[in-house]
Amino acid sequence: MNNMYQEFNEKFQIKKCVTSIINGEPTLISKNEDIIPVISPINEIHISDLQQSSNSEVDQAVSAAREAFDNGPWPRMSVDERKKVMLQIRDILKENAEELAFLECINAGLTMEYIKSMHVIRAGWNFEFFSEVASQASGESYTQTKPYLSIVTREPIGVGALIGPWNAPLALCSMKIASCIAFGNTCVLKPSEYTPLSLHKVVELIHKTDIPKGVVNLVNGNGKITGDALVKHPGVDVVSFTGGTSTGAIIAGRANEGLKPVALELGGKSANIITNSANLDRAMDGTILGIYSNNGQQCLAGSRILVQEDIANEFIDKFIERSKKIRVGDPMVKSTEIGPVCHEEHMNRVLSYCDIAKNEGAELLTGGERDSLHEKGFYLKPTAYMAKSNESRICQEEIFGPFASFLTFKEIDEAIHIANSSSFGLVGYIWSDNLPTVMKASQNIRAGTIWVNTPMTRN
Ligand code: NAD
């Protein structure tokens, strides 16, 4: 471990055992509970233990949220009163930004610089943003059927089960908590079992504000055990899930059994289309960011890179040159651009796609292996392949690592067809200074968001 780690660890001290937090209180560490080791992807050191919440703990957490919703002050407060607390949460997260960034870095392997400049800021801002949204939300009235007046009012739904992934725990789970509680709901959060540290701290900090007990509760553990117990609990009214597509299908089924509404944010295999009418320097920056930022672990990644034939050789050569220069290493070091992937199983899964690519006859452009400069830790070289076709597995399956699959196209219609030939539809990117091309692509690519000449703007 480097000096920076020692310094941070002395200053903040990682919890030896992470437990649930119910009604604002951490649950006791019990010898009988299941323990999941928390391993740092930076150096494979066992940094903490996670006490998996039992069914009875999940039940206690849901009961706490239920009581806070059914009988507590939170849903009955004015929007302004709730907003005051939401802004206290924003402030306390900001005040503890360094510790939160450290915990996220050591646990998820994201670079400190990236977390400090993006994720921690976003976490605080989520509480401000959703308190503003709630303060502007209004109902509707209908006057068509005279002499009756029908009024539709917005009411909180109840207890939310919030389940998050490991790739951006702070940014994504803070969004879930904030959007849930801003409207007067209460919740139980279950973060990924791989990355519990920063969110345990967030829930601790939330309880240093004036938030009533039971509004925000935390349980921890494996998805199939703790997550499943939470989703199917009859005291839960709504489920919000961010994670893998196949997990989303299971959770939707479970929620459906209890007729609970469910919000799903799932995976992607998004097309990043670079045309010959693009500003190629900007397109190159955006393409590099689109595939490698967040250590390559982004649902929004532009992981199928489609380049117009007449500019393909030049663009791809430059991409390879840039990829080779990317500094992979310890995410606590300021100059590092890509840290390790989050956990060993995931690293092996990403590496398995190098074998798949080889078997499919794809051409290795760069990387394709573990970064051997590091004896320990889950470091991968930025990787790119020229795929044989869009039907190949490296173009159809979400790999979720620093792994790009290139294809070429002749005309924009072909690029749109390739973009749409996917079972995913999260986002798409189009790089062109030609308005008809931009309009055609953005109107015809079937994805939730299309970015034109920019990557990843989400505000
Ligand atoms: P995952 O689906 O394996 O796990 C996500 C969460 O679900 C974890 O907390 C896990 O414990 C829990 N879980 C797993 N099985 C469960 C079950 N049966 N019941 C209840 N909970 C269960 O996903 P991951 O590997 O943590 O995250 C990576 C995936 O998340 C990628 O596919 C990525 O694209 C997606 N993602 C999507 C978005 C988005 O906004 N669209 C954002 C980030 C990540």
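Quick notes on the rules
Residues numbered from 1 in each chain as written. Predicted model: local features only at pLDDT ≥ 70, side-chain atom pairs only at ≥ 80, totals over all residues. Heavy atoms only, no water. Salt bridge = Lys/Arg side-chain N within 4 Å of Asp/Glu carboxyl O. Helix = DSSP H or I, 4+ residues; strand = E, 2+ residues; numbered from the N terminus. Buried < 20%, exposed > 50% of the residue type's maximum accessible area, 1.4 Å probe, protein only. Domains from an automatic or database assignment. Contact = heavy atoms within 4.5 Å. Buried area = accessible area lost by both parts, 1.4 Å probe. Polar contact = N/O pair within 3.5 Å; in protein donor to acceptor, adjacent residues only side chain to side chain. Nonpolar A, V, L, I, M, F, W, Y, C, P; charged D, E, K, R; others polar. Pairing = 2+ DSSP bridges. Axes fitted to C-alpha atoms, helices over the stretch in contact; angles between N-to-C directions. Near = heavy atom within 4 Å. Areas by Shrake-Rupley, 256 points an atom, 1.4 Å probe, with all protein chains shown as cover. Expected span 1.5 Å × (residues − 1). Arc of directions from axis to C-beta.

Here we look at the pattern of salt bridges
Working step 1: Applying the stated criterion to the full structure yields 23 salt bridges.
Working step 2: Close ionic contact of Arg-254 with Glu-257 constitutes a salt bridge, the shortest N to O distance being 3.1 Å. Remark: Glu-257 and Arg-254 occur in helix α9 (residues 245-257); sequence separation between them is 3 residues, near one turn of the helix.
Working step 3: On the basis of relative accessible area, Arg-254 is assigned to the partly exposed category, the value being 25%.

Description of the domain arrangement of the protein chain
A common way to express how large an interface is: the accessible area buried when the components associate.
Working step 1: Domain boundaries assigned for the protein chain yield domain 1 (3-265) and domain 2 (271-452).
Working step 2: Taken over C-alpha atoms, the centre of domain 1 sits 31 Å from the centre of domain 2.
Working step 3: At the junction of the two partners, domain 1 supplies 24 residues and domain 2 supplies 27 residues.
Working step 4: Between domain 1 and domain 2 the total buried area reaches about 2,000 Å² when both faces are included, carbon and sulfur atoms providing 61% of it.
Working step 5: When the area that domain 1 buries against domain 2 is broken down by residue, the three leading residues are Ile-42, Glu-44 and Trp-166, summing to 28%.
Working step 6: The interface formed by domain 1 and domain 2 includes 1 salt bridge.
Working step 7: Residue Arg-370 pairs with Glu-44 through a salt bridge whose shortest N-O separation is 3.4 Å.
Working step 8: The tally of links between domain 1 and domain 2 comes to 10 residue pairs in polar contact (both at pLDDT 80 or more).
Working step 9: Secondary-structure elements contributing two or more residues to the side of domain 1 that touches domain 2 are α1 (3-12), α4 (97-108) and α5 (112-136).
Working step 10: With 5 residues, α4 is the largest single contributor of residues to the side of domain 1 that touches domain 2.
Working step 11: Grouping the constituent residues of the side of domain 1 that touches domain 2 by class yields 14 nonpolar, 8 polar and 2 charged.

Description of unusual backbone geometry
Backbone phi values are negative for most residues with the exception of glycine, while trans is the configuration of most peptide bonds.
Working step 1: Cis geometry marks the peptide bond from Lys-146 to Pro-147, where omega comes out at 5°.
Working step 2: Tracing the backbone shows Pro-147 in the loop between β6 (140-142) and β7 (150-152).
Working step 3: Even without being glycine, Asn-23 reaches a positive phi, approximately 55°.
Working step 4: Position of Asn-23 among the secondary structure elements: in the loop between β2 (21-22) and β3 (25-26).
Working step 5: Note on Asn-23: relative accessible area 33%, which makes it partly exposed.

Some words on the sheet that holds strand β17 (residues 403-409)
Working step 1: With mixed pairing, 7 strands are arranged side by side in an open sheet as β15-β16-β17-β14-β13-β18-β19. Of all strands in the sheet, those bounded by a partner on one side alone are β15 (363-366) and β19 (449-452). When strand polarity is set aside, the average angle formed by the axes of neighbouring strands in this sheet is 25°.
Working step 2: With 3 bridges joining them, strand β13 (residues 271-274) and strand β18 (residues 427-431) adopt parallel strand pairing. Across the sheet, the residue bridging to Asn-272 is Tyr-429, located in β18.
Working step 3: Contacts from helix α14 (residues 412-420) reach β13, β14 (304-308), β17 and β18 within the one sheet, and its direction differs from that of β17 by about 140°.

Overview of the sheet that holds strand β1 (residues 17-18)
Working step 1: Read from one edge of the open sheet, 3 strands run β1-β5-β4, paired in mixed fashion. Two strands close off the open sheet at either side, each with one partner strand: β1 and β4 (35-39).
Working step 2: In this structure, β1 lies alongside strand β5 (residues 46-51), joined through 2 bridges in parallel fashion. Across the sheet, the residue bridging to Val-18 is Leu-50, located in β5.

Brief notes about the site of the ligand
Working step 1: As a structural note, the neighbourhood of the ligand is formed by 27 residues, with Gly-164, Glu-193, Thr-247, Leu-266 and Glu-398 the closest of them.
Working step 2: Between Lys-190 and the ligand, the recorded distance is 2.9 Å, taken from a side-chain N or O atom to an oxygen atom.
Working step 3: Leu-266 places a main-chain nitrogen or oxygen 2.7 Å from a nitrogen atom of the ligand.
Working step 4: In isolation the ligand exposes 850 Å². Once the protein is present, 87% of that is buried.
Working step 5: Secondary structure elements with two or more residues in the shell around the ligand: α8 (223-232), β11 (238-242) and α9.
Working step 6: Considered class by class, the residues forming the shell around the ligand number 12 nonpolar, 10 polar and 5 charged.

Some thoughts on α9
Working step 1: Under the 1.5 Å per step criterion, the end-to-end length of α9 is 19 Å for 13 residues, consistent within 8% with the ideal 18 Å.
Working step 2: Every buried residue of α9 is listed here: Gly-248, Ile-251 and Ala-255. Down the axis of α9, the sector holding all buried residues measures 65°, keeping them to one side. For α9, exposure combined with an orientation more than 90 degrees from the buried face picks out Ser-246, Ala-249, Ile-250, Asn-256 and Glu-257.
Working step 3: As for α9, its buried residues are in contact with β8 (159-163), α8, β11 and β12 (262-265).
Working step 4: Phi turns positive, to about 50°, at Leu-259, one or two residues after α9.

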